[in-house]
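For reference, the chains in residue letters:
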Amino acid sequence: LMKHVKSIQRRPVVNPALYLSPPVVITNNFGDVSAAPHVKLMRITFQNMFPVIHVANVKLSDCRRVVLFNYIRKESDGNSESSEKEDEIVEVRHYAIKATPVGLNRKVRRIIQAKI
């Protein structure tokens, strides 16, 4: 599966050092205290799948990945017998973050990128 995923990517990122630190977890559209119980359970489960990142102690070099959990709820239009049902989808996206310097000479930027 990994070979197939890399073959369809435009710019595949292959760096084993990315997996040395936990990713930043983002849960989008999961609501707040007033959300449905099953939505709260999903949010808590996704957050607890990865270790906690302490914002005060984290280094920028440790933040190299982001996992996005996006909750999509599609309302039915009420025309058919499925009007009581709602389609609920959770999209999972995994991003690699690459820091690049901006506003520098091209030669200087290449030297700095080699050290980042």
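Let us look at the structure shown here. Everything numeric in this text was worked out from a predicted model, so none of it was measured.

**Here's the deal with the pattern of salt bridges**
Inspection of every chain in the model, using the stated rule, returns one salt bridge. With a shortest N-O distance of 4.0 Å, Glu91 and Arg93 are connected by a salt bridge. Residue class for Glu91 comes out partly exposed when judged on its relative accessible area of 28%.

**Points about the nonpolar core**
In this structure, Phe30, Ala35, Val39, Phe46, Val67, Phe69 and Tyr71 together form the largest nonpolar core, which totals seven residues. Going through the elements one at a time, helix H2 (37-48) and strand E2 (65-74) are the ones with two or more residues in this core. Here this core takes three residues from E2, the largest share from any one element. Other than its neighbours up to four places away in sequence, Phe46 contacts Val25, Thr27, Phe30, Phe69 and Val90.

**Topic: H2**
With 12 residues, H2 extends 16 Å between its outermost C-alpha atoms, agreeing within 8% with the 16 Å of an ideal straight helix rising 1.5 Å per residue. Along H2, the residues classified as buried are Val39, Arg43 and Phe46. Buried positions in H2, seen along its axis, are confined to an arc of 70 degrees and lie on one side of it. Away from its buried face by more than 90 degrees, H2 exposes Pro37, Leu41 and Asn48. Contacts from the buried residues of H2 go to strand E1 (24-28), E2 and strand E3 (87-96).

**Examining the environment of Ser34**
Structurally, Ser34 can be placed in the loop between E1 and H2. Among the polar contacts listed, one links the side chain of Ser34 to the side chain of Asp32, at a separation of 2.9 Å.

**Description of the side chain of Arg64**
Among the structural elements, Arg64 can be located in the loop between H2 and E2. There is a polar contact of 3.3 Å between the side chain of Arg64 and the backbone oxygen of Ser61.

**Re the packing of aromatic side chains**
Applying the stated criterion across every chain yields a total of three aromatic pairs. In textbook terms, an aromatic cluster arises when at least three aromatic residues are bridged by ring pairs, as seen for Phe30, Phe46, Phe69 and Tyr71.

What counts, and where the lines are drawn
- Each chain carries its own residue numbering, running from 1 in the direction its sequence is written.
- Selection of residues for local features in this predicted model requires a pLDDT of at least 70, selection of side-chain atom pairs for listing and counting requires 80 or more, and totals for whole chains, interfaces and linings are taken over all residues.
- Where side-chain values are given, they derive from all heavy atoms of the structure, hydrogens and water being excluded.
- Whenever a carboxyl oxygen of Asp or Glu lies within 4 Å of a side-chain nitrogen of Lys or Arg, that contact is scored as a salt bridge.
- Only protein chains enter the calculation, and the probe is 1.4 Å; a residue is then buried if its accessible area is under 20% of its type maximum, exposed if over 50%, and partly exposed in between.
- For our purposes a nonpolar core is just a set of buried Ala, Val, Leu, Ile, Met, Phe, Trp, Tyr and Cys residues, chained together by side-chain atoms within 4.5 Å.
- Helix and strand labels come from DSSP, where a helix needs a run of H or I of at least four residues and a strand needs a run of E of at least two; each type is numbered from the N terminus.
- Residue contacts follow a heavy-atom distance rule, with two residues in contact if any of their heavy atoms lie within 4.5 Å.
- Here a helix's expected span is defined as the number of its residues, less one, multiplied by 1.5 Å.
- What the arc covers is the set of directions going from the helix axis to the C-beta atoms.
- What qualifies as a polar contact is a pair of N or O atoms within 3.5 Å, subject to a donor-acceptor requirement within protein and to the restriction that residues adjacent in sequence count only when both atoms come from side chains.
- Aromatic rings from Phe, Tyr and Trp, taking only the six-membered ring of Trp, are treated as a pair when their centres fall within 6.5 Å; an angle between ring planes under 30 degrees marks them as stacked, one over 60 as edge-to-face, and anything in between as tilted.

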